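Each chain is listed here by its residues.
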Amino acid sequence: MPRTPVQNEALRAATREAIQGAAIRVFAHHGFAAANMRQIAAEADLSIGSIYRHYASKEQLFDQLLEQASTGLVAASERLASDESPLALAREFTATFLSELSGDQGAAEFFLVINQGFITDTPPGTAERLATTQRSLWDTFSALVRRGQELGEFASGDPDQVTAYYFAMLSGVATMRLVMNDELGESGVELVLRLLTGGRTT
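Residues numbered from 1 in each chain as written. Predicted model: local features only at pLDDT ≥ 70, side-chain atom pairs only at ≥ 80, totals over all residues. Heavy atoms only, no water.

Undergrad: Explain a nonpolar patch on the surface to me, please; I cannot follow it from the model alone.
TA: Together, Y165, M169 and L195 give the surface a local cluster of nonpolar side chains, amounting to about 270 Å² of exposed area. Position of Y165 among the secondary structure elements: in helix α8 (residues 159-180). (Patch = residues over 30% accessible without salt bridge, like charges linked within 9 Å, V, L, I, M, F, W, Y side chains within 5 Å. Areas by Shrake-Rupley, 256 points an atom, 1.4 Å probe, with all protein chains shown as cover. Salt bridge = Lys/Arg side-chain N within 4 Å of Asp/Glu carboxyl O. Helix = DSSP H or I, 4+ residues; strand = E, 2+ residues; numbered from the N terminus.)

Listed below in structure tokens is the structure:
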């Protein structure tokens, strides 16, 4: 019995998801420049032809990952711009980030791939494409820190500098997730928040 259009689309979506997951692993462990479509096909356990039916090149595949990253940054910025308690928003953001890292090594690999692309501008244009949404997230978080300080929820300190150290800490945690595998749990939320609160996390 032939598949229905809905079943075909579900199969295509599942295949694209498998390809993207494989690409993230290959990019994370080999680097974008050294990676090739044959490696990605092998990692996804698909034929090279199947890969090319969905993506014409590794650049197009990375472009799709970049779109996902940008969408995630925009969504995070919008959430952090809420008028809710700054501490509650920071805790939610931190908990979500650490939970994703703990639950799936692919999340850490994805973070590493995008972060490397942003820092090294590989492939060319990556840094520029991410700059606006990245800056928006940082500016939004810095404003959150400032508001939290005004409300007495956060410790004093230059909001921009606090923001820089906060995201540097998260970046370090993502890297350690790859090194420690499953040894990194979700219990670090309050440890991370101490940077913002000076220990006042209640």
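Undergrad: Would you explain the nonpolar core in this entry?
TA: A general trend in soluble globular proteins is that nonpolar side chains are found buried together. Counting 51 residues, the largest nonpolar core has F27, I40, F141, Y166 and L196 as its most contacted members. Looking at this core, the elements that each hand over two or more residues are α1 (5-30), α2 (37-44), α4 (58-80), α5 (86-103), α6 (105-120), α7 (126-150), α8 and α9 (189-197). No other element matches the 8 residues that α4 contributes to this core. Leave out the neighbours within four places in its chain, and F27 touches F32, A35, I40, K58, F62, L65, V113 and Q116. (Core = buried A, V, L, I, M, F, W, Y, C linked by side-chain atoms within 4.5 Å. Buried < 20%, exposed > 50% of the residue type's maximum accessible area, 1.4 Å probe, protein only. Contact = heavy atoms within 4.5 Å.)

Undergrad: What's the story with the packing of aromatic side chains in this structure? I'm lost.
TA: Aromatic rings in a pair are described by how distant their centres are and how their planes are angled relative to each other. One pass over the full model with this rule turns up 11 aromatic pairs. Arranged with centres 5.9 Å apart and planes meeting at 65°, the rings of F27 and F62 form a pair that is edge-to-face. Of this pair, F27 sits in helix α1 while F62 sits in helix α4, and the two are 35 residues apart along the sequence. Across this residue pair, the class does not change: F27 and F62 are buried. An angle of 40° between the planes, with centres 6.4 Å apart, marks the rings of F93 and Y166 as tilted. On the criterion of sequence distance, the pair formed by F93 in helix α5 and Y166 in helix α8 is long-range, its members being 73 residues apart. The exposure classification of F93 matches that of Y166, with both residues buried. Each member of the aromatic cluster is reached from another via a ring pair, and the members are F93, W138, F141, Y166 and F167. Sitting above the plane of the F32 ring, K58 keeps its charged end 4.6 Å from the centroid. (Phe/Tyr/Trp six-rings, centres within 6.5 Å; stacked < 30°, edge-to-face > 60°. Lys NZ or Arg CZ within 6 Å of the ring centre and 35° of its normal.)

Undergrad: Any chance you could explain the environment of L170 here in plain terms?
TA: When you line up the elements, L170 lands in helix α8. Judged by its relative accessible area of 2%, L170 falls in the buried class. C-alpha of L170 to C-alpha of V192: the two residues are 22 residues apart in sequence and 8.2 Å apart in space. In contact with L170, not counting residues within four places along its chain, are F93, F97 and V192.

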